[in-house]
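Notes for the structure review
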Amino acid sequence: GLCERFSQADALLVAAYFNIFIRNADVLTLANMAQLVNVLPAMVCLPGSAKFFRQSISFAQELFLANRDMTSVDIWCKSPEFEGEFYKQVPYLDFSASANSDGSRIVVNAINRHPEKAAKLSINLLGGKIKSVSGRMLGGVALDKENSFENPKAISIAAISKTSRENSLPLPPASLCVFELKA
């Protein structure tokens, strides 16, 4: 009865914190989650049963693993804004990026906070060219959607396929997208 439930909105909040951590990697060296099962979990297990479901926040954690052993790099973006409850100007789009030591692999973490409107991400590398892009997404559901024992896959990760040759990547509404670029 003490279990906290996490929604798609919570997953986007966790992703925003991870973006903050990556953008401030020069001063932040370690971040982790204390409770992994039940109460404040990444996963909820039904006692005496094989039933379980993953919470939305665990998928955000999984997607950000692409940044492991990478170095934070600067990223600049333009985004429309909305007025939040605590902050006057909150960008709909939020980003962070990391790269391997020789810059041949770059990870871009992109959040679209808008609950209804898709966005497009255009990436330009200073002094480089993108050879290929692959991506994974947590999104395509309402902000209040949650996984449960009855519907354990209401929220899950999906592959992103790039459908055109444009230098433009899709950011569905209320989504976290992690793109891996080969440069």
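In the block above lies the structure referred to throughout.
In this report, the structure presented in the accompanying data block is examined. (Residues numbered from 1 in each chain as written. Predicted model: local features only at pLDDT ≥ 70, side-chain atom pairs only at ≥ 80, totals over all residues. Heavy atoms only, no water.)

**Observations regarding the environment of Gln61**
By the element assignment, Gln61 lies in helix H2 (residues 56-64). The exposure class assigned to Gln61 is partly exposed, which follows from its relative accessible area of 22%. Between the C-alpha atom of Gln61 and that of Ala9, which follows or precedes it by 52 residues, the distance is 14 Å. (Helix = DSSP H or I, 4+ residues; strand = E, 2+ residues; numbered from the N terminus. Buried < 20%, exposed > 50% of the residue type's maximum accessible area, 1.4 Å probe, protein only.)

**Structural notes on the packing of aromatic side chains**
Overall, the coordinates contain four aromatic pairs when judged by the stated rule. Seen from their ring centres, Phe18 and Phe64 are 5.1 Å apart, and the 55° between their planes marks the pair as tilted. Here Phe18 is found in helix H1 (residues 8-23), whereas its partner Phe64 is found in helix H2, with 46 residues between them in sequence. Taking the centre distance of 4.7 Å and the plane angle of 35° together, the rings of Phe82 and Tyr92 count as tilted. With a gap of 10 residues between them, Phe82 in strand S4 (residues 81-82) and Tyr92 in the loop between strand S5 (90-91) and strand S6 (93-99) connect regions that are remote in the sequence. In this structure an aromatic cluster arises from ring pairing among Phe18, Phe21 and Phe64. (Phe/Tyr/Trp six-rings, centres within 6.5 Å; stacked < 30°, edge-to-face > 60°.)

**Things to note about the side chain of Gln8**
For Gln8, the location among the structural elements is in helix H1. In this structure the side chain of Gln8 is engaged in a polar contact, spanning 2.9 Å, whose partner is the backbone oxygen of Ala174. Apart from residues lying up to four places away in sequence, Gln8 is in contact with Ser56, Leu138, Gly139, Val141, Ala142, Leu143, Lys145, Ile155, Ala174 and Ser175. (Polar contact = N/O pair within 3.5 Å; in protein donor to acceptor, adjacent residues only side chain to side chain. Contact = heavy atoms within 4.5 Å.)

**A short note on the pattern of salt bridges**
It is possible for side chains bearing opposite charge to pair when their charged atoms get close. Tallied over the entire structure, the rule returns seven salt bridges. Note that Glu62 and Arg54 form a salt bridge whose closest N and O atoms lie 2.8 Å from each other. A salt bridge links Glu83 to Lys88; the nearest nitrogen and oxygen atoms lie 3.6 Å apart. Of the two residues, Glu83 and Lys88, both sit in the exposed class. (Salt bridge = Lys/Arg side-chain N within 4 Å of Asp/Glu carboxyl O.)

**Digging into the sheet that holds strand S9 (residues 132-138)**
Reading across the sheet, the six strands line up as S3-S6-S7-S12-S9-S10 and stay open at both edges, with antiparallel pairing between neighbours. Looking at which strands have only one partner, the edges of the open sheet turn out to be strand S3 (71-73) and strand S10 (157-160). Each neighbouring strand pair of the sheet contributes to a mean axis angle of 25°, computed without reference to strand direction. Against the sheet, H1 engages S3, S6, strand S7 (105-112), S9 and strand S12 (175-182), with an angle of about 50° to S6. Sheet contacts for H2: S6, S7, S9, S10 and S12; angle to S9, the most-contacted strand, approximately 165°. (Pairing = 2+ DSSP bridges. Axes fitted to C-alpha atoms, helices over the stretch in contact; angles between N-to-C directions.)

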